[in-house]
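Topology and contacts: notes
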Amino acid sequence: MNVVIVGATSGIGRELWKAYATGNNKIFVWGRRLPLLEQMKQERKEHTHIFPVDITKTEDASLCIQKIRQECNSIDLVIMCAGIGNLNDSLDYDVELATINTNVVAWTYIVDSFYKILEDQSEGHLVTITSVGGLTSSPLAPAYAATKAYQIYLTSRDYDVLKILFLAGNIVVRLILRQVLGSPPPKSYRKMPWLTMRRKYSPSR
Ligand SMILES: NC(=O)c1ccc[n+]([C@@H]2O[C@H](COP(=O)([O-])OP(=O)(O)OC[C@H]3O[C@@H](n4cnc5c(N)ncnc54)[C@H](OP(=O)(O)O)[C@@H]3O)[C@@H](O)[C@H]2O)c1
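Cut-offs and rules
- Residues numbered from 1 in each chain as written.
- Predicted model: local features only at pLDDT ≥ 70, side-chain atom pairs only at ≥ 80, totals over all residues.
- Axes fitted to C-alpha atoms, helices over the stretch in contact; angles between N-to-C directions.
- Helix = DSSP H or I, 4+ residues; strand = E, 2+ residues; numbered from the N terminus.
- Parallel < 35°, antiparallel > 145°, perpendicular 65-115°, else oblique.
- Left-handed = near helix turned anticlockwise from the far one by under 90°.
- Contact = placed C-beta atoms within 7 Å.
- Nonpolar A, V, L, I, M, F, W, Y, C, P; charged D, E, K, R; others polar.
- Expected span 1.5 Å × (residues − 1).
- Buried ≥ 20, exposed ≤ 12 C-beta atoms within 10 Å, placed from the backbone.
- Arc of directions from axis to C-beta.

1. Re the packing of helix α3 (residues 58-71) against helix α4 (residues 93-121)
Two numbers describe how α3 lies on α4: the axes approach to 11 Å, and their chain directions differ by 25°. Considering the angle they form, α3 stands roughly parallel to α4. The interaxial crossing formed by α3 with α4 has right-handed handedness. Residue-level contacts link Thr58, Ala61, Ile65 and Arg69 of α3 to Ala106, Tyr109, Ile110, Ser113 and Ile117 of α4. Residue composition of the contact of α3 with α4, by class: 6 nonpolar, 2 polar and 1 charged.

Written out as structure tokens, the structure is:
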């Protein structure tokens, strides 16, 4: 199986890489932190193809997509995991802009580009990792919540489009709203209430 994981150097993406980098699978892992990508290559050489790239640089991202197309006949699974989130109740515009550039602008380019490739192939899985943070607005991290809502909306829309247009094909689009129950949130999310209000999601805790 040929699998693309965009945002694989840490967190969820890295765990997915570990799970998929076995058997005959070829995994194309993306991220900005080259040393981490090199470490992954070292650990699972025959399964891992590294793509050091900042997805907000569209031309670089486009080159990576072209390279992957040249390297494999078809792509079975694309997991769009890359994302950023910061607390920003002071509405620092630079923080909001960086979040929008990553979670909306770059995200749309990657998701739409791979969607078209799967459409050409008439098969494949496209998975987006969004967040329950997108189900409600947040005064503490306004752009994060809004960009995650955008991702949920766009993926859901694509799913409906797919159901209509590709009923006879074999493309599946999945939306994952990550719930963090049972696992400690990463440092950058620690103060985000929707990720830490466990009682709301799990009354027994
Ligand atoms: N962990 C949670 O509890 C949680 C909860 C809800 C939703 N999520 C969502 O799940 C996804 C993954 O989160 P995570 O917790 O695994 O976070 P993470 O450990 O910070 O991983 C984010 C990944 O995205 C990549 N990335 C970010 N900006 C990028 C850019 N401009 N270009 C290329 N790659 C970029 C990072 O790679 P580099 O830094 O190497 O570029 C990293 O591999 C995010 O979309 C997040 O919103 C996570």
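2. Quick word on the environment of Leu37
Along the chain, Leu37 falls in helix α2 (residues 34-43). Through-space distance from the C-alpha of Leu37 to that of Thr48 is 9.0 Å; in sequence the pair is 11 residues apart. Residues contacting Leu37, with those up to four places away along its chain left out, are Thr9, Val29, Gly31, Ile50 and Pro52.

3. As for α3
Helical geometry note: an α-helix holds 3.6 residues per turn, so side chains three or four residues apart project in the same direction. With 14 residues, α3 extends 20 Å from end C-alpha to end C-alpha; this agrees with the ideal 20 Å at 1.5 Å per step. Taken residue by residue, α3 has Ala61, Cys64, Ile65 and Ile68 as its buried positions. The buried residues of α3 all sit within an arc of 100° when viewed along its axis, so they share a single face. The exposed set on the far side of α3, more than 90 degrees from its buried face, consists of Glu59, Gln66, Lys67 and Gln70. Residues of α3 that are buried make contact with β1 (2-6), β2 (26-31), β3 (48-52) and α4.

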